[in-house]
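# A structural walkthrough
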Amino acid sequence: MDLYSYKDNPLYMDRYERSKKWVKILPMVGRPLQTSELIEIQSLLADHQKQLLNTIYKSGTIISGLDIIVISSTSDSINLSITEGQIYIEGFVIDIEASSQVIPTTGTHIIGVLLDELIIDERDDITLRQGATSYGLEGSSRLIWEAFITLNDPRAIPIASVIEGQLVLPSSTRQSKI
């Protein structure tokens with residue numbers, strides 16, 4: 001899954017790399033704060049959050065929900081309902097809407113979660129202009145991750161599989177209650 005593709009866009013310059021060993025961004029009195037520095041502050045904090053949470057979860061751990069229920073099956077297909085839930089991916093707990101899948105009963109099929117990365121601005125969401133003291137001027141864009149259930153996508157994080165019509169749920173993707 002190719003996350004953070006916005007980094008390829010020159011409008012969103014982000015020089016943060018873990019290998020640089022940055023711990024803080026230190027703005028100085030009398031110097032303007034650069035847009036790239038604001039992005040780097042977010043990247044630095046997200047990386048620190050990820051390093052901490054990776055000691056508890058691995059990417060793909062189901063935090064809640066995402067229960068897979070067999071609704072019906074025939075000799076040709078199995079009809080599944082997947083409840084809404086949350087999954088841990090790269091330092092973030094991501095919400096996923098309920099969905100359903102119809103899967104062939106022959107072969108091996110992988111059910112996974114895929115993130116779609118979107119960048120929106122005030123043209124996409126008019127509320128980004130409202131309530132600001134800048135009198136409706138354009139402001140910052142927003143990075144959105146939309147998660148959805150997919151079938152047989154090699155970029156997806158696997159959460160279950162159907163092998164020859166049998167649902168297989170790996171026990172290692174579920175968060176244990178502490």
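For the structure, check the block above.
Anyway, here's the lowdown on the structure attached to this text. The shown structure was predicted, so the numbers you read here are calculated from the model rather than taken from an experiment.

## A short note on the overall build of the protein
A tally of helices and strands in the protein yields one helix and ten strands. Ordering the α and β elements of the protein from the N terminus gives α-β-β-β-β-β-β-β-β-β-β. In the protein, which comprises 178 residues, the proportion classed as buried is 33%. Here the analysis covers contacts within the protein between residues at least 6 apart in sequence; of these, 64% occur between residues at least 24 apart. Of the accessible surface of the protein, which amounts to about 11500 Å², a share of 54% is contributed by carbon and sulfur atoms.

## Let's talk about the pattern of salt bridges
For the structure shown, the criterion picks out five salt bridges. For E40, the salt bridge goes to R15, with nearest N and O atoms at 2.6 Å. Pair noted here: E40 is in helix α1 (residues 35-53) and R15 is in the segment before α1, with a separation of 25 residues, a long-range link. For E40, a relative accessible area of 2% translates into the label buried. The class of R15 is partly exposed, set by a relative accessible area of 32%. Linking D153 and R155 is a salt bridge whose minimum nitrogen-to-oxygen distance equals 2.7 Å.

## Quick notes on the sheet that holds strand β2 (residues 68-73)
Taken in spatial order, the three strands make up an open sheet running β2-β3-β6, and their pairing is antiparallel. In the strand order of this sheet, the two ends are held by β2 and β6 (99-104), each with one partner. Neighbour to neighbour, the strand axes of the sheet diverge by 25° on average, direction disregarded. Examined bridge by bridge, β2 and strand β3 (residues 77-82) share five bridges and lie antiparallel to one another. From the neighbouring strand, V70 faces β3, where its bridge partner is L80.

## Points about the side chain of T105
The topology assignment puts T105 in the loop between β6 and β7 (108-120). For T105, a relative accessible area of 11% gives the class buried. Within polar-contact distance, the side chain of T105 engages the backbone oxygen of S75 at 2.6 Å. Beyond its immediate chain neighbours, meaning those up to four positions away, T105 contacts T74, S75, D76, S77, I78, E164 and G165.

## Some thoughts on the nonpolar core
The nonpolar side chains of a soluble globular protein tend to be buried with one another. Within the largest apolar cluster, 21 residues are counted, with the highest numbers of intra-cluster contacts made by I87, I111, V113, I149 and I159. Of all the elements in the fold, those that place two or more residues in this core are β3, β4 (85-89), β5 (92-96), β7, β8 (142-151) and β9 (157-163).

## Quick notes on the environment of L52
Mapped onto the secondary structure, L52 falls in helix α1. Considering only alpha carbons, one finds L52 and G91, 39 residues apart in sequence, at a separation of 8.3 Å.

## Observations regarding the sheet that holds β5
Strands sit in the order β1-β4-β5 across an open sheet of three strands; the sheet is antiparallel. In the strand order of this sheet, the two ends are held by β1 (62-65) and β5, each with one partner. Across this sheet, the average inter-strand angle for adjacent strands is 20°, counted without regard to direction. In terms of strand pairing, β1 meets β4 through three bridges, oriented antiparallel. Note that in β4 the partner of G65 across the bridge is G85.

What counts and what doesn't
Residues numbered from 1 in each chain as written. Predicted model: local features only at pLDDT ≥ 70, side-chain atom pairs only at ≥ 80, totals over all residues. Heavy atoms only, no water. Helix = DSSP H or I, 4+ residues; strand = E, 2+ residues; numbered from the N terminus. Buried < 20%, exposed > 50% of the residue type's maximum accessible area, 1.4 Å probe, protein only. Contact = heavy atoms within 4.5 Å. Areas by Shrake-Rupley, 256 points an atom, 1.4 Å probe, with all protein chains shown as cover. Salt bridge = Lys/Arg side-chain N within 4 Å of Asp/Glu carboxyl O. Pairing = 2+ DSSP bridges. Axes fitted to C-alpha atoms, helices over the stretch in contact; angles between N-to-C directions. Polar contact = N/O pair within 3.5 Å; in protein donor to acceptor, adjacent residues only side chain to side chain. Core = buried A, V, L, I, M, F, W, Y, C linked by side-chain atoms within 4.5 Å.

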